[in-house]
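Results of the structural survey
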Amino acid sequence: MQTGTRTASATIVFMANAVIGALIIAALYLGREIFIPLALAALLTFLLSPVVVRLERWIGRIAAVLAMVMVLCGVCGGLGWALTRQMIDLAERLPDYKENIHLKLSSLQTATGGKFKRLSETIKELSKDLPKLEATSTPAPRTPPPPSLTNTAPLEAAEPAPSPSKPLPVEIVKPERVGMPEQMGSLVKPLLGPLGTTALVLLLVIFMLSHHEDLRGRMIRLIGKGNISATTRAMDDAARRVTRYLFMQLIVNASYGLAIGVGLYFIGVPSALFWGALATVLRFIPYIGPWIAAAFPIALSLAVTNNWTMPALTIGLFVVIELLSNNIMEPLLYGSSTGVSAVALIVAAVFWTWLWGAVGLVLAVPLTVCLVVMGRHVPRFNALAVLLSDEKALEPHEEFYHRLLTPDVNDASAFASTYLKTKSLTTLYDAVFIPALAAVEYDKKNDELDDEQYVGIQQELRDVLDDLSSQPLEKTPAEADNAGAGVPSGVFRCRVLCLPTRAMRDEFASTMLEQILRQHRFEAKTFSATLTTGELLGAVENETADAVCISVMPPSTIVHARYLCRKLRAQFPKMHILVGLWGATEDLVDSKTRLREGGADEVVTTLADAVVQLGKYAAVIAPDALLVPSTNDESSRVAALLGTGLLDSAAEPAFDRITRRLTRILEVQIALISFIDAERQFFKSQSGLDSDLSAAGQIPRDVSVCAHVVANREMLIVEDLARDRRFSGDTLFKQRGLRSYAGVPLRTAGGHVIGTLCVLGFKPRRFEENEKRLLEVTAEEIMELIEKRAGPAKKSNESR
């Protein structure tokens, strides 16, 4: 019912607009005697107003207007006088070209025996057989033949001669005597119309230039209806485009006429100045003006010579100059000044010529520009901008949606591939796919799409995303995108899980984000939209991710996203949670507040922002941190270690109790007390270590994580060894499934770091501040134990 009401309303609006349009066209046609001078005056006002505004600063408005009108009249009068002189001179010289014209016509006769001779003879023979047309008027009296030539037929068969007793009446008409007033009237009357129109146009131009601010205000009040800003922008845009077009057209046409005049002068065509000026004027008439301007010089070149060289050069001159003007000068100077499509210009030329004749052809482009500008800035006339402007008919996302609707005719994958030649994958998804997906969901919600179409679009979109999943890494890595956001450079070590809220549209958005993250060297994974909230929570726990991104595509609401945020925050309090409200256009202040209250760390609306935000969460390892750095006091440090007497010593219960206690308290699988010399890491005590390593009692220093603690002399926390660039390739950790590490230095009273206390686990984990503090306190306890153990040895050495 709602759809039918909307259709009926749209039909009524269309009919009303059609009726209004027809009335406007009728008014323009019937009132052309008024509207044509107004349009011409407005055109001249657009052209002259920039100069008048500049002159107004020096001599005042009235003087500036009068000066410009006088200059315009003077230029037009001077050109008219020069052209008249040239025309008179040409008329006087035309009889001298009679012989050349006769030779040209003679040379065009068909050669004897040519193929066209038989056609000509056939036409002549057929014309003889055509019935003669007799006059319908009263036949003239027939004169009887002489007696000697009459035939011997019976007299009753002969046509009777007209009776001489009935003479034909003859009417004598006296010529009317035409006086001087009548003769002057017959000469002046044809000129009164153009002169009156010209005087009216000049008067309107003076008025418009003198009161342009008042006219502007009245137009804003009449059209704007309170929307002053939009109307002002529209008028400024129209004035700018029309003025630029007219000025550039004047430059192009003047250059065209100058080139034609100079070329004709060197070719030798008489009155070259006249033809050049005529070409400049006639070229203001689109399409047909240049051909009319070319016809006269070409005809004259045929007349003034008895060969074909001059006509060929004249034709070549017009063709070359026209090609240069159309393909070089006009695109270079016009650019996008008009904003009207080429097809619209042709249609407008036909329409305005039909409406107003030759004047309408001259005014077609400026009037169409004004209509396009009005359509761009006035919503009610938006159809004019759609039909006439040079903008693309469909936005990229609309074109993609159209291709999804017609997969058998239009290839959506080809459109995406073409788009990626100039844009990145992130831009394709943000600017094309997400808006198109939102439009699909909107149409489905409003019953504009049936179930079959909806399923077909989903399948087509799924195929396109599969094709794009193999896209190579972008040339610009994520580090460059994040540079402006303060994210450090390096290689990202972050695992992101993309969670759809509840529908397939959310899963599509999550898939797009996953592909972009993989292009930016993240580890990412998307889950199915068919999973329940409990299943999603279990999947997140199994994947041990660093961050999750919840995707919400309208008409999915933030209620579902907020519920999922709360569940994630309750189960994973240290997890980074990002919510993406893809395609959201309304005010999001309240939505973001509610989502943050539900547990989200950040809310974004574009995939590009999501990559930047996730980059801030990522663990970034600089390349110079790969090698184990050496200590500055290596020799004294090793000497202090040897002084403890613990290196290569047997296991001791006091140390073993400490490592076993740590595994229970911190819930880790391995705890170690190690001492590190110049080449190896020696295990003084261990809990949970594999039997082979426990039996060996040591590992090389260059594969030791604890070596970094000794070198840097501070605590080291590695939440995931598999994603830390320094240790991700270590076969020792991979073979034994070690994922987390936390180690603190064992520092002597003299400040030397001789070893470490560390714990390792089979799962990535974060260590709380209290856990870090426990490790530090335990390390101090170990050093006190070592100092007590080394005390008796020191005293015995001193007594010796």
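Anyway, here's the lowdown on the structure attached to this text. Not measured: the values here are computed from a predicted model.

**Examining unusual backbone geometry**
- Of note, the phi angle at Asp 447 is positive, near 60 degrees, even though the residue is not glycine.
- Of note, Asp 447 is situated in the loop between helix 17 (425-445) and helix 18 (451-468).
- Taking the relative accessible area as the measure of exposure, Asp 447 reaches 64% and is therefore exposed.
- Not every positive phi belongs to a glycine, and Arg 713 is a case in point at roughly 60 degrees.
- Looking at the element boundaries, Arg 713 is found in the loop between helix 28 (706-712) and strand 11 (716-718).
- Residue Arg 713 is classed as partly exposed on the basis of its relative accessible area, which comes to 36%.

**Overview of the packing of helix 15 (residues 396-405) against helix 18**
- Helix 18 packs onto helix 15 with a crossing angle of 115 degrees between their chain directions and a minimal axis gap of 9 Å. Regarding the angle of helix 15 to helix 18, the classification is roughly perpendicular. Taken as a pair, helix 15 and helix 18 cross one another with a handedness that is right-handed. Residues Phe 400, Tyr 401, Leu 404 and Leu 405 of helix 15 pack against Ile 457, Glu 460, Leu 461 and Val 464 of helix 18.
- When its residues are assigned to classes, the contact of helix 15 with helix 18 shows seven nonpolar, no polar and one charged.

**Looking at the packing of aromatic side chains**
- Evaluated as defined, the whole model comprises nine aromatic pairs.
- Where Tyr 265 meets Phe 266, the ring centres are 5.4 Å apart and the plane angle is 80 degrees; that geometry is what we call edge-to-face.
- For Phe 266, a relative accessible area of 68% corresponds to the exposed category.
- Judged by centre distance (4.3 Å) and plane angle (15 degrees), the ring pair of Phe 400 and Phe 433 falls under stacked. Of the two residues, Phe 400 sits in helix 15 while Phe 433 sits in helix 17, which places them 33 residues apart along the sequence. Accessibility assignment for this pair places Phe 400 and Phe 433 in one class, buried.
- A network of ring pairs unites the aromatic residues Tyr 29, Phe 351, Trp 352, Trp 354 and Trp 356 as a single cluster.
- Stacked on the ring of Tyr 256, the Lys or Arg Arg 283 has its end atom at 4.7 Å from the ring centre.
- For Arg 765, the ring lying beneath its charged end belongs to Phe 767, and the centroid distance is 4.4 Å.

So, how was this worked out
Residues numbered from 1 in each chain as written. Predicted model: local features only at pLDDT ≥ 70, side-chain atom pairs only at ≥ 80, totals over all residues. Heavy atoms only, no water. Helix = DSSP H or I, 4+ residues; strand = E, 2+ residues; numbered from the N terminus. Buried < 20%, exposed > 50% of the residue type's maximum accessible area, 1.4 Å probe, protein only. Axes fitted to C-alpha atoms, helices over the stretch in contact; angles between N-to-C directions. Parallel < 35°, antiparallel > 145°, perpendicular 65-115°, else oblique. Left-handed = near helix turned anticlockwise from the far one by under 90°. Contact = heavy atoms within 4.5 Å. Nonpolar A, V, L, I, M, F, W, Y, C, P; charged D, E, K, R; others polar. Phe/Tyr/Trp six-rings, centres within 6.5 Å; stacked < 30°, edge-to-face > 60°. Lys NZ or Arg CZ within 6 Å of the ring centre and 35° of its normal.

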